[in-house]
Amino acid sequence: MLFSYFDENPDNFKAVGLFWKSGKEEVEMWLMEELWKGNFDVIHETTESYSVASIIKKIFWNLGEPICTYKFYEEFKSLGDEKTEAETMIKVNKIFSKMKPVNRNTFRQLIIFLKHVTMFEESNKMSAANLAIVFAPNLFKPFELTQNDLIYAVIFVKVLTIIINNSNKIKS
């Protein structure tokens, strides 16, 4: 539903720094309140694409457990050792096959959406790498954060960039 906000008006994809810049807090709060009430049509009443983008980020950040669950943190981290994008994607699909369907399908839909955002990179300046910087911390989290995990952030950005760029190779 939140993704459809952008699909219904492709100009929303063109906002410079989409997902990088924050939306208006009062708009975000109003939208979240209405969405929690089940008023999903409200999403079409705003022209504030930054706020909708911020809500998408916050949803993934605020999950009790990330979409790429704690169980798979080490496996995703090990993808940074792969030598080619093709090898990485083979292993991504192996991890995906072990994920719960709801996690796998949500992650896949997000990646497809982010790939679509990159199609407007000339306008929005959001490359796969830029989107990975924004979303990797929301998707890949250890159960307990250590100083070493901060170092691994670079690996997750690299892996997520590869996944976004190769979204067409993700198996259902």
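If you're wondering where the values come from, they're calculated on a predicted model, not measured in any experiment. (Residues numbered from 1 in each chain as written. Predicted model: local features only at pLDDT ≥ 70, side-chain atom pairs only at ≥ 80, totals over all residues. Heavy atoms only, no water.)

Draft legend 1. Representation of helix α6 (residues 101–118) within the structure. Relative to the 26 Å expected for 18 residues at 1.5 Å per residue, α6 spans 26 Å between its end C-alpha atoms, a close match to the ideal helical length. Within α6 the residues assigned to the buried category are N103, R104, F107, R108, L110, I111, F113, L114, V117 and T118. Looking at the buried residues of α6, the elements they touch are α1 (2–8), α3 (49–61), α5 (85–98), α7 (121–124), α8 (128–139) and α9 (147–165). (Helix = DSSP H or I, 4+ residues; strand = E, 2+ residues; numbered from the N terminus. Expected span 1.5 Å × (residues − 1). Buried < 20%, exposed > 50% of the residue type's maximum accessible area, 1.4 Å probe, protein only. Contact = heavy atoms within 4.5 Å.)

Draft legend 2. Up close: unusual backbone geometry. Positioned with a positive phi, F19 is a non-glycine residue whose angle comes to about 80°. By the element assignment, F19 lies in the loop between α1 and α2 (25–36). On the basis of relative accessibility, which here comes to 1%, the residue F19 falls in the buried class. Its identity is not glycine, yet K125 carries a phi of approximately 65°, on the positive side. On the secondary structure map, K125 appears in the loop between α7 and α8.

Draft legend 3. Geometry of the pattern of salt bridges. What the rule picks out here adds up to 8 salt bridges. The salt bridge involving K37 is made with E33; its shortest N-O contact spans 3.7 Å. Under the relative-accessibility criterion, K37 is labelled exposed at 57%. The salt bridge partner of E75 is K98, with a shortest N-O separation of 2.6 Å. Residue E75 is located in helix α4 (residues 73–78), and its partner K98 is located in helix α5; the two are separated by 23 residues in the primary sequence. Owing to a relative accessible area of 46%, K98 belongs among the partly exposed residues under this scheme. One network of salt bridges, in which partners are shared, links E33, E34 and K37. (Salt bridge = Lys/Arg side-chain N within 4 Å of Asp/Glu carboxyl O.)

Draft legend 4. Spatial organisation of the side chain of R108. Position of R108 among the secondary structure elements: in helix α6. Each residue touching R108, except ones within four places of it in the same chain, is listed here: I170, K171 and S172.

Draft legend 5. Broad picture of the environment of S97. You can see S97 is positioned in helix α5. Of the residues examined, S97 reaches a relative accessible area of 54% and is grouped as exposed. Between the C-alpha atoms of S97 and A15, which are 82 residues apart in sequence, the distance is 35 Å. A polar atom in the side chain of S97 sits 2.6 Å from the backbone oxygen of K94. (Polar contact = N/O pair within 3.5 Å; in protein donor to acceptor, adjacent residues only side chain to side chain.)

Draft legend 6. Up close: the packing of aromatic side chains. Following the criterion strictly, the structure yields 16 aromatic pairs and no others. Residues F6 and F13 carry aromatic rings whose centres are separated by 5.5 Å and whose planes lie at 45° to one another, so their mutual orientation is tilted. With a centroid separation of 5.0 Å and 20° between ring planes, the pair formed by F140 and F156 is classed as stacked. Here F156 lies in helix α9 and F140 lies in the loop between α8 and α9, a separation of 16 residues in the sequence. F140 sits in the buried class, given a relative accessible area of 6%. According to the relative accessible area criterion, F156 is buried, its value standing at 3%. Among the aromatic residues, those joined into a cluster by ring pairs are F3, Y5, F6, F13, F19, F113, F120 and F135. Above the face of the Y152 ring, K77 is positioned so that its terminal group lies 3.8 Å from the ring centre. Sitting over the face of the ring of W61, K141 holds its NZ or CZ atom 4.2 Å from the ring centroid. (Phe/Tyr/Trp six-rings, centres within 6.5 Å; stacked < 30°, edge-to-face > 60°. Lys NZ or Arg CZ within 6 Å of the ring centre and 35° of its normal.)

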